[in-house]
Amino acid sequence: MEQRFAKESKCFKIARVFPTDVNNHETLFGGKLMAYIDDIASISASKHSRKMVVTASTDSVDFLLPIRMTDSVCLESYVTWTGRSSMEVFVKVITEDLRTGERHIAATSFLTFVAIGEDKKPAPVPKVIPETEEEIRLHETAPRRADMRKHRREESKKFANYLTIDFPWE
């Protein structure tokens, strides 16, 4: 089976925080950051698989610090683990105060993507090879997160059976 290094899927995105990007607390809208996260993670998954990908789940987004208008926001993403057709992608969000140069981890996120073949069905992906201490740690802890994802998905399917599909006005 083909293999690729984690660094081969590494992507970076840096953005300035503008007044139109903030909420009433004058910090970056969480939804804006989540859109950045999904975008960059999908690129990492595509680079790793060299296929079209779909977001299977946003497993977690942990907002650790507010992101202010005096900050730039840098997102770093890469594939940390693979299944047969699925890929776990980690996104690290680093803020930098543009006045002082001080940097902090503002958020972390894990997402799962599935590679899609020409036949529009899930397609096999290469295994990932971690090299750095961070990559190795995330790779080693990935099977536990995969088990949690599987359990959460099963519970979500059960829960969906109890939900109504009627619109409130019907």
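Residues numbered from 1 in each chain as written. Predicted model: local features only at pLDDT ≥ 70, side-chain atom pairs only at ≥ 80, totals over all residues. Heavy atoms only, no water.

## Quick look at the overall build of the protein
Here comes step 1: For the protein, the helix and strand inventory stands at two helices and seven strands.
Here comes step 2: Across the protein, helices and strands are ordered from the amino to the carboxyl terminus as β-β-α-β-β-β-β-β-α.
Here comes step 3: Its C-alpha atoms give the protein principal-axis dimensions of roughly 55 × 50 × 30 Å.
Here comes step 4: Taking contacts inside the protein between residues at least 6 apart in sequence as the whole, the part at least 24 apart equals 74%.
Here comes step 5: Surface accessibility of the protein: about 10500 Å² in total, with carbon and sulfur atoms responsible for 56%. (Helix = DSSP H or I, 4+ residues; strand = E, 2+ residues; numbered from the N terminus. Contact = heavy atoms within 4.5 Å. Areas by Shrake-Rupley, 256 points an atom, 1.4 Å probe, with all protein chains shown as cover.)

## A look at the sheet that holds strand β3 (residues 52–63)
Here comes step 1: Ordered in space as β2-β4-β5-β6-β3, the five strands form an open sheet in which the pairing is antiparallel. Either end of the sheet is taken by a strand with one partner, and the two such strands are β2 (11–16) and β3. The mean angle between the axes of side-by-side strands here comes to 25°, regardless of whether they run parallel or antiparallel.
Here comes step 2: Bridge count between β2 and strand β4 (residues 71–82): six bridges; the pairing is antiparallel. Across the sheet, Cys11 pairs through a bridge with Ser77, a residue of β4.
Here comes step 3: On the sheet, helix α2 (residues 133–160) packs against β3, β4, β5 (86–97) and β6 (103–116) and is oriented at approximately 75° with respect to β4. (Pairing = 2+ DSSP bridges. Axes fitted to C-alpha atoms, helices over the stretch in contact; angles between N-to-C directions.)

## Re a nonpolar patch on the surface
Here comes step 1: Side chains of Leu64, Leu65 and Ile105 sit close together on the surface and give an oily, nonpolar patch of about 250 Å² of accessible area.
Here comes step 2: Looking at the secondary structure, you find Leu64 in the loop between β3 and β4.
Here comes step 3: A relative accessible area of 49% places Leu64 in the partly exposed class. (Patch = residues over 30% accessible without salt bridge, like charges linked within 9 Å, V, L, I, M, F, W, Y side chains within 5 Å. Salt bridge = Lys/Arg side-chain N within 4 Å of Asp/Glu carboxyl O. Buried < 20%, exposed > 50% of the residue type's maximum accessible area, 1.4 Å probe, protein only.)

## Looking at the layout of surface pockets
Here comes step 1: Approximately 420 Å³ is the volume found for the largest pocket.
Here comes step 2: As for the largest pocket, its lining consists of 14 residues, and the residues nearest its centre are Ser57, Thr112, Arg149, Lys150 and Arg153.
Here comes step 3: Counting only elements with at least two residues in the lining of the largest pocket, the list comes to β3, β6 and α2.
Here comes step 4: In terms of residue count, the dominant contributor to the lining of the largest pocket is α2 (six residues).
Here comes step 5: Looking at the lining of the largest pocket, its residues break down into four nonpolar, six polar and four charged. (1 Å grid on protein atoms, 1.4 Å probe; cavity = no way out; pocket = protein on both sides within 12 Å on 5 of 7 lines; lining within 4 Å. Points joined across faces, edges and corners; volume = space filled by probe spheres on them. Nonpolar A, V, L, I, M, F, W, Y, C, P; charged D, E, K, R; others polar.)

## A word on the packing of aromatic side chains
When we look at a pair of aromatic rings, we describe it by the centre distance and by the angle of the planes.
Here comes step 1: What the rule picks out here adds up to three aromatic pairs.
Here comes step 2: Where Tyr78 meets Phe90, the ring centres are 6.0 Å apart and the plane angle is 70°; that geometry is what we call edge-to-face. A residue pair is termed long-range when its members are at least 10 positions apart, and Tyr78 in strand β4 and Phe90 in strand β5 qualify at twelve residues. Across the pair, Phe90 and Tyr78 agree in class, each one buried.
Here comes step 3: Ring centres 4.7 Å apart and planes at 5° place the aromatic pair Phe167 and Trp169 in the stacked group.
Here comes step 4: Residue classification places Phe167 among the partly exposed residues on the basis of a relative accessible area of 46%.
Here comes step 5: Positioned over the ring face of Phe5 is Lys7, at 5.5 Å from the centre of the ring.
Here comes step 6: Its end group placed over the ring of Tyr78, Lys10 keeps NZ or CZ at 4.7 Å from the ring centre. (Phe/Tyr/Trp six-rings, centres within 6.5 Å; stacked < 30°, edge-to-face > 60°. Lys NZ or Arg CZ within 6 Å of the ring centre and 35° of its normal.)

## Looking at the pairing of β6
Here comes step 1: The buried fraction of β6 is high, at eleven of 14 residues.
Here comes step 2: In terms of strand pairing, β3 meets β6 through ten bridges, oriented antiparallel. Residue pairing in the sheet places Met52 in a bridge with Ile116 of β6.
Here comes step 3: Counted along the chain from β5 to the antiparallel partner β6, the turn is five residues long, and its residue Gly101 has a positive phi close to 85°.

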